[in-house]
Amino acid sequence: MDFFSLTDIGLVREKNQDSYMTVYNDYNDFFALVCDGIGGNKAGEVASGEAIKYALESFNNSGPFTDDESVKKYLRNLLKGINEHIYKLSNSYYQYRGMGTTATGLLISSQGSYCINIGDSRVYGFKNHKIFRLTEDHTLVNELLKNGEISYEESLNHPKRHYLMKAVGIWEEVSGDIFKVPPMDYYLVCSDGLHGYVSEEDILKIVIDDLNILQKCKELMQKALMNGGYDNITLVLVKR
């Protein structure tokens, strides 16, 4: 397995509120997690950074995973722990009030590959020159789309497309999506600074191009910057 990761503040934002980790535990399980902080001046970068810090310590002490349920149980407890940690910080310090973060990741273990998701960062899979969106955005626009209230084309530029229905640390309790995913040639974990400004068609073209993994990541980042760089951009590309 090979992987590479990049993050960039973009061309507009004053702070990079994205945080991420790529780590192996002692049992050779691999975890990539991307967190996109929310809260503006209310320390979104603290929320994402603390989420990653918590997850890193947790995963370093995880395993072995013995079956499907042991992986899912670990991820459920991880989300619960991260949420409680951020929520406690938010309510303990005035300058952190209202902060939160997305939490989206890919865990590759001896039991298979698993996605974890709260918010609107994404995991994509690539196989046979096709792109698959593996996670579902927890946004108002996605709810409107599923309910047939807006079209796909309208969703792309909807004024409320960044309104989150779920995030880590905002509420005392939160539920996230945890599920097993099929084997892929590549996986991509990214914040909306990438998928919000680079089309899935363009992402696919870059990932399947005849480039090494470092070049693919640089091309993806450059495309997001060329399209405005309006948000922080973070991506982790994994080759199986």
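Residues numbered from 1 in each chain as written. Predicted model: local features only at pLDDT ≥ 70, side-chain atom pairs only at ≥ 80, totals over all residues. Heavy atoms only, no water.

Which parts of the structure should I look at to understand the overall build of the protein?
Counting secondary structure elements, the protein contains 7 helices and 11 strands. For 240 residues, the compact-globule estimate of 2.2 N^0.38 gives 18 Å, and the C-alpha radius of gyration of the protein, at 17 Å, lies within 12% of that figure. Seen through its C-alpha atoms, the protein measures out along the principal axes to roughly 50 × 45 × 35 Å. Relative to all contacts within the protein whose residues are 6 or more apart in sequence, the contacts with residues 24 or more apart total 70%. Carbon and sulfur atoms make up 48% of the accessible area of the protein, which totals about 11600 Å². (Helix = DSSP H or I, 4+ residues; strand = E, 2+ residues; numbered from the N terminus. Rg over C-alpha atoms; globule rule 2.2 N^0.38 Å. Contact = heavy atoms within 4.5 Å. Areas by Shrake-Rupley, 256 points an atom, 1.4 Å probe, with all protein chains shown as cover.)

Can you walk me through the packing of aromatic side chains in this structure?
Two measures describe an aromatic ring pair: the distance that separates the ring centres and the angle between the ring planes. Tallying each qualifying case throughout the model produces 9 aromatic pairs. Their ring planes at 55 degrees and their centres at 6.3 Å tell us that Phe 3 and Tyr 24 sit as a pair that is tilted. Placement of Phe 3 in strand β1 (residues 2-8) and of Tyr 24 in strand β2 (residues 18-24) is noted, with a sequence separation of 21 residues between them. With a centroid separation of 4.8 Å and an interplanar angle of 45 degrees, the aromatic rings of Phe 3 and Phe 30 are classed as tilted. Of this pair, Phe 3 sits in strand β1 while Phe 30 sits in strand β3 (residues 30-38), and the two are 27 residues apart along the sequence. With a relative accessible area of 24%, Phe 3 lands in the partly exposed category. What links up through ring pairs into an aromatic cluster is the set Phe 31, Phe 59, Phe 65 and Tyr 74. (Phe/Tyr/Trp six-rings, centres within 6.5 Å; stacked < 30°, edge-to-face > 60°. Buried < 20%, exposed > 50% of the residue type's maximum accessible area, 1.4 Å probe, protein only.)

Looking at this structure, I do not really get the pattern of salt bridges. What am I missing?
Charged atoms that come close allow side chains of opposite charge to pair. Overall, the coordinates contain 14 salt bridges when judged by the stated rule. Here Glu 50 makes a salt bridge to Lys 53, at a shortest N to O gap of 3.2 Å. Taken together, the positions of Glu 50 and Lys 53, both in helix α1 (residues 44-60) and 3 residues apart, correspond to about one turn of that helix. Overall, Lys 53 belongs to the exposed group, its relative accessible area being 52%. In this structure, the salt-bridge partner of Glu 200 is Arg 133, at a minimum N-O distance of 2.7 Å. Of this pair, Glu 200 sits in helix α6 (residues 200-208) while Arg 133 sits in strand β8 (residues 130-133), and the two are 67 residues apart along the sequence. (Salt bridge = Lys/Arg side-chain N within 4 Å of Asp/Glu carboxyl O.)

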